[in-house]
Amino acid sequence: MMMTTPASAGEAISLAATGNRVLAAAGQSDMVWGHASVRDPDGQGAWMKSSGWGFEEIDEEKIVLVTPEGKVLHGAGRRHIEYPIHTEIMARREDVGAVVHTHSDAANAFSALDEPVRPISHAGSLFSYPDVPRFTLTGGLISSAELGQALAEALGDAPACLMPQHGVVAVGKDLPTAVMTAVLLDKACRTQLAAMAAGPLRRWGTEEDTVAKRAVVWADSQMRAGWEYWARQAG
């Protein structure tokens, strides 16, 4: 079984490389933009893909360790300008072991409607009751600590946040959970967009039923099963 909580720099590098390739396999690529990170087990920052590469191109040589101040401590690549997404969320949320940011087309289209995510599918049940939060301060790049902190504040204790005109951010106790959360938010948005295109929504899960369903459908074991499926697809 694949390691998901790194105990060393080497394990963090390996996990981060796999997570980025999994996002590619799951259809989350946007050329060279977007990134996934793993919290450094020694508390030095975040291990994330270097700038200029697509998710599907990432191997262990293209992973860098970035401090909260933006210094690259390990790796030969350049850091992404939006590293504060990762470092500031990790600073605010001790429970977060990994952060994912993608430019989901479905999420951007759905965010433009300013509608709540309805639990009309298994994926939707992860983001309903309460509704997934939105970060609306800017649709631009999160390139400063201040913007990273504002995004972390908007995210709050939620598993993910929609970023209108920009994409999504998803978090988890480990990278498999964060990756699956990003993939499922994209899927929930796509499913609801398809339903709304056919006509007004008329039926979705009640709060009581949805919360009970979520505990079973998206238990840790199910998140892990989904991650392992995508890891196989990523090779």
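Note that the structure is a prediction, hence the values are computed from the model and not measured.

Draft legend 1. Quick peek at the packing of aromatic side chains. Tallied over the full model, the rule gives 1 aromatic pair. Directly above the ring of Trp53 sits Lys62, whose terminal nitrogen or CZ lies 4.5 Å from the centroid.

Draft legend 2. Just the layout of surface pockets, in detail. Each pocket or cavity is described by its volume, and for the largest pocket that value is around 410 Å³. As for the largest pocket, its lining consists of 24 residues, of which Leu126, Asp157, Ala158, Pro159 and Arg214 are closest to the centre. Partitioned by chemical class, the residues of the lining of the largest pocket number 13 nonpolar, 4 polar and 7 charged. Here the second largest pocket defines a volume of roughly 150 Å³. Lining the second largest pocket are Val32, Trp33, Gly34, His35, Ser51, Gly52, His80, Ile81, Glu82, His103 and Leu141. By residue class, the composition of the lining of the second largest pocket is 4 nonpolar, 6 polar and 1 charged.

Draft legend 3. Structural view of the pattern of salt bridges. Under the criterion given, the structure shown has 7 salt bridges. Its salt-bridge partner being Glu153, residue Arg92 comes within 3.4 Å of it at the nearest N-O pair. Linking Arg92 in helix H2 (residues 84-92) with Glu153 in helix H4 (residues 145-155), this pair joins segments that are 61 residues apart in sequence. With a relative accessible area of 37%, Arg92 lands in the partly exposed category. Classification of Glu153 as exposed rests on a relative accessible area of 53%. Between Asp131 and Arg134 there is a salt bridge whose closest N-O contact spans 2.7 Å.

Reading guide: rules and limits
Residues numbered from 1 in each chain as written. Predicted model: local features only at pLDDT ≥ 70, side-chain atom pairs only at ≥ 80, totals over all residues. Heavy atoms only, no water. Phe/Tyr/Trp six-rings, centres within 6.5 Å; stacked < 30°, edge-to-face > 60°. Lys NZ or Arg CZ within 6 Å of the ring centre and 35° of its normal. 1 Å grid on protein atoms, 1.4 Å probe; cavity = no way out; pocket = protein on both sides within 12 Å on 5 of 7 lines; lining within 4 Å. Points joined across faces, edges and corners; volume = space filled by probe spheres on them. Nonpolar A, V, L, I, M, F, W, Y, C, P; charged D, E, K, R; others polar. Salt bridge = Lys/Arg side-chain N within 4 Å of Asp/Glu carboxyl O. Helix = DSSP H or I, 4+ residues; strand = E, 2+ residues; numbered from the N terminus. Buried < 20%, exposed > 50% of the residue type's maximum accessible area, 1.4 Å probe, protein only.

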